[in-house]
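# Descriptive structure summary
What follows is the residue order along each chain.
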Amino acid sequence: MQLSLFRSSKTVITVTLSFTFPQKPPFIFFHSSSRAPYPKQQQQPCTSTSPIGSPTRVQKLISAQSDPLLAKEIFDFASNQPGFRHSYSSFLVLILKLGRSKHFSLVDDLIIRLKSDRYPITPNLFSYLIKIYAEANLPEKALKTFYKILEFNIKPLPRHLNRILELLVSHRNFLMPAFDLFKNAHKHGVFPNTKSYNILMGAFCLNGDLSIAYKLFNKMFERDVVPDVESYRVLMQGLCRKSQVNKAVDLLDDMLNKGFVPDSLSYTTLLNSLCRKKKLREAYKLLCRMKVKGCNPDIVHYNTVILGFCREGRAMDAVKVLEDMPSNGCSPNLVSYRTLVRGLCDLGMFDEAKKYMEEMLLKGFSPHFSVSHGLVKGFCNVGKVVEAAEVLGEMLKYGEVPHMDSWVTIIPGICEDYETERVWEILEEVIKVEIKGDTRIVEAGIGLEDYLIKKIRSRSKRP
């Protein structure tokens, strides 16, 4: 007799059973119509007394199925065979398949069966379960898993606690349940480690409960838990969010005095906060002492300070920062130059801005429209049409096509000062630039034509 299990149009499992009493145990053949058939092999004696074969063979069949429900049917069919007992690995593989496909009720049934059949359970099973619930964004089921571990007389590991805490604190409604779990974990033989404290401190800082975060930080020392760089950084970030940047700097000093080397992100947090609080002198001093304290400033640190100076109308101080960068092993990037040129333009220092824009182009950086146009417009506003044209000339020289608005800005000045030969020489370079779909030079030409027509008509009407 043949028994077929159908799960989909692509997959058929055929079970061949014989009602005779053969001298050798019969075999069950599982095959899929979507796969090439297995090569014929001579039957080997099974190590199991069950007619379905060995538990290892069943585990391989379950592992090979892409359909988790079909894998469950194979599992159930094997379970009903006399004398057959699944391996623990079969349970583990099936739980993973069902969990990833979100068949959580079937997962719960298998967990219950593991307990009732007295299988020896390893902590890895619960690590996988917690991960599955985290991926499915199910904090409540992850929390229940902690207590499920205890039901199997297994002591949860710190990694179980931390993974559950991470998931819980990512949901604001589960912050207090996470805190309760953290406080009671030691009763179940799990002692929170540094990472556990960091998770809770970070969560309370984000929630605005800085006092609780500080209490947790102090508790670490009372319970002989050694804080790390992240512990300090989390508190610094919390203090900076509350605009308590002075306390954050004090915490940095305490950190250094205890032999910790702050990481790049710690300094970024402090520099950004100092600049926003307009404490630019302190920000610059911190930038200078970073290298001495074992952390080389990177491009983010320099750009943060450059932006801080430019925002407060101190672009020449920003120039000094940019000029210091190469000697400290860091080269200015596109953001550095864009920020500085814009800051100089805001102060009306167009000649200085032009110098750094030329340096920017020389290094292969493309100025944003707002930067180049701001410089062109600035020169035109103070009557320096030649310098404005030189800016466009430099852009064309390096293959950068000026925006239409820049042409529209400079053309009236050129027409008023049409005897300036240098201006016309530069504008003749326009025809040498490849016109692309987004160049918009043609539109500038149309604008020029309209302007000239109006100019001629206005002059013809004069007496």
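Residues numbered from 1 in each chain as written. Predicted model: local features only at pLDDT ≥ 70, side-chain atom pairs only at ≥ 80, totals over all residues. Heavy atoms only, no water.

A word on the overall build of the protein chain. In terms of regular secondary structure, the protein chain is built from 23 helices and 2 strands. Relative to all contacts within the protein chain whose residues are 6 or more apart in sequence, the contacts with residues 24 or more apart total 61%. Roughly 25,300 Å² of accessible area belongs to the protein chain as shown, and the carbon and sulfur atoms make up 53% of that amount. (Helix = DSSP H or I, 4+ residues; strand = E, 2+ residues; numbered from the N terminus. Contact = heavy atoms within 4.5 Å. Areas by Shrake-Rupley, 256 points an atom, 1.4 Å probe, with all protein chains shown as cover.)

So, on to the packing of helix 14 (residues 280-290) against helix 15 (residues 299-311). Between two packed helices, what matters for the description is the angle formed by their axes and the separation of those axes. For the pair helix 14 and helix 15, interaxial distance at closest approach is 10 Å and the crossing angle is 160 degrees. The angle between the axes of helix 14 and helix 15 places the two elements in the roughly antiparallel class. Crossing angle aside, the handedness with which helix 14 passes helix 15 is left-handed. Touching Leu 280, Ala 283, Tyr 284, Leu 287 and Met 290 of helix 14 are His 301, Tyr 302, Val 305, Gly 308 and Phe 309, all from helix 15. Residue composition of the contact of helix 14 with helix 15, by class: 8 nonpolar, 2 polar and no charged. (Axes fitted to C-alpha atoms, helices over the stretch in contact; angles between N-to-C directions. Parallel < 35°, antiparallel > 145°, perpendicular 65-115°, else oblique. Left-handed = near helix turned anticlockwise from the far one by under 90°. Nonpolar A, V, L, I, M, F, W, Y, C, P; charged D, E, K, R; others polar.)

This part takes up the packing of aromatic side chains. Here the structure, examined in full by the defined rule, presents 13 aromatic pairs. An aromatic cluster of at least three residues, connected via ring pairs, comprises Phe 179, Phe 182, Tyr 197 and Phe 204. One cation-aromatic arrangement involves Arg 85 over Tyr 119; the distance from NZ or CZ to the ring centre is 4.0 Å. Above the plane of the ring of Phe 179 lies Lys 183, whose end atom (NZ or CZ) is 4.5 Å from the centre. (Phe/Tyr/Trp six-rings, centres within 6.5 Å; stacked < 30°, edge-to-face > 60°. Lys NZ or Arg CZ within 6 Å of the ring centre and 35° of its normal.)

Next up on the list: the side chain of Ser 90. Tracing the backbone through its elements, the reader meets Ser 90 in helix 3 (residues 88-100). With relative accessibility at 0%, the residue Ser 90 sits in the buried group. (Buried < 20%, exposed > 50% of the residue type's maximum accessible area, 1.4 Å probe, protein only.)

This next bit is on unusual backbone geometry. Even without glycine at this site, Asn 153 takes up a positive phi of about 55 degrees. Relative to the elements of secondary structure, Asn 153 occurs in the loop between helix 6 (139-151) and helix 7 (158-169). One non-glycine residue, Asp 224, adopts positive backbone phi at about 60 degrees. If you trace the backbone, Asp 224 turns up in the loop between helix 10 (210-222) and helix 11 (229-241). By relative accessible area, Asp 224 is classed as exposed at 71%.

Scanning all chains against the criterion turns up 1 cavity of 30 Å³ or more. Its boundaries defined by the atoms lining it, the largest cavity holds a volume of some 30 Å³. The wall of the largest cavity is formed by Lys 354, Met 357, Glu 358, Leu 361, Leu 375, Val 391 and Glu 394. With 4 residues, helix 18 (residues 350-362) is the single largest residue contributor to the lining of the largest cavity. Across the lining of the largest cavity, the residue classes tally to 4 nonpolar, no polar and 3 charged. (1 Å grid on protein atoms, 1.4 Å probe; cavity = no way out; pocket = protein on both sides within 12 Å on 5 of 7 lines; lining within 4 Å. Points joined across faces, edges and corners; volume = space filled by probe spheres on them.)

Attention now moves to the environment of Arg 85. Inspection of the secondary structure puts Arg 85 in the loop between helix 2 (68-79) and helix 3. The exposure class assigned to Arg 85 is partly exposed, which follows from its relative accessible area of 44%. Along the backbone, Arg 85 and Ser 54 are 31 residues apart, and their C-alpha atoms lie at a distance of 9.0 Å. Ignoring any residue separated from it by four or fewer positions in sequence, one finds Arg 85 in contact with Pro 55, Asp 117, Arg 118 and Tyr 119. Of note is the side chain of Arg 85, whose polar atom sits 3.1 Å from the backbone oxygen of Asp 117. (Polar contact = N/O pair within 3.5 Å; in protein donor to acceptor, adjacent residues only side chain to side chain.)

Looking now at the pattern of salt bridges. Per the stated rule, a full pass over the model turns up 17 salt bridges. Two residues, Asp 76 and Lys 72, come together in a salt bridge whose shortest N-O distance is 2.8 Å. One end of the pair is Asp 76 and the other is Lys 72, both in helix 2 and 4 residues apart, which spans about a single turn. Relative accessible area serves as the criterion here: at 16%, Lys 72 is assigned to the buried category. For Arg 289, the salt bridge goes to Asp 253, with nearest N and O atoms at 3.2 Å. Taken as a pair, Arg 289 in helix 14 and Asp 253 in helix 12 (residues 245-257) lie far apart in primary sequence, 36 residues in all. Owing to a relative accessible area of 26%, Asp 253 belongs among the partly exposed residues under this scheme. One connected set of salt bridges, linked through shared partners, spans Arg 163, Glu 166 and Lys 195. (Salt bridge = Lys/Arg side-chain N within 4 Å of Asp/Glu carboxyl O.)

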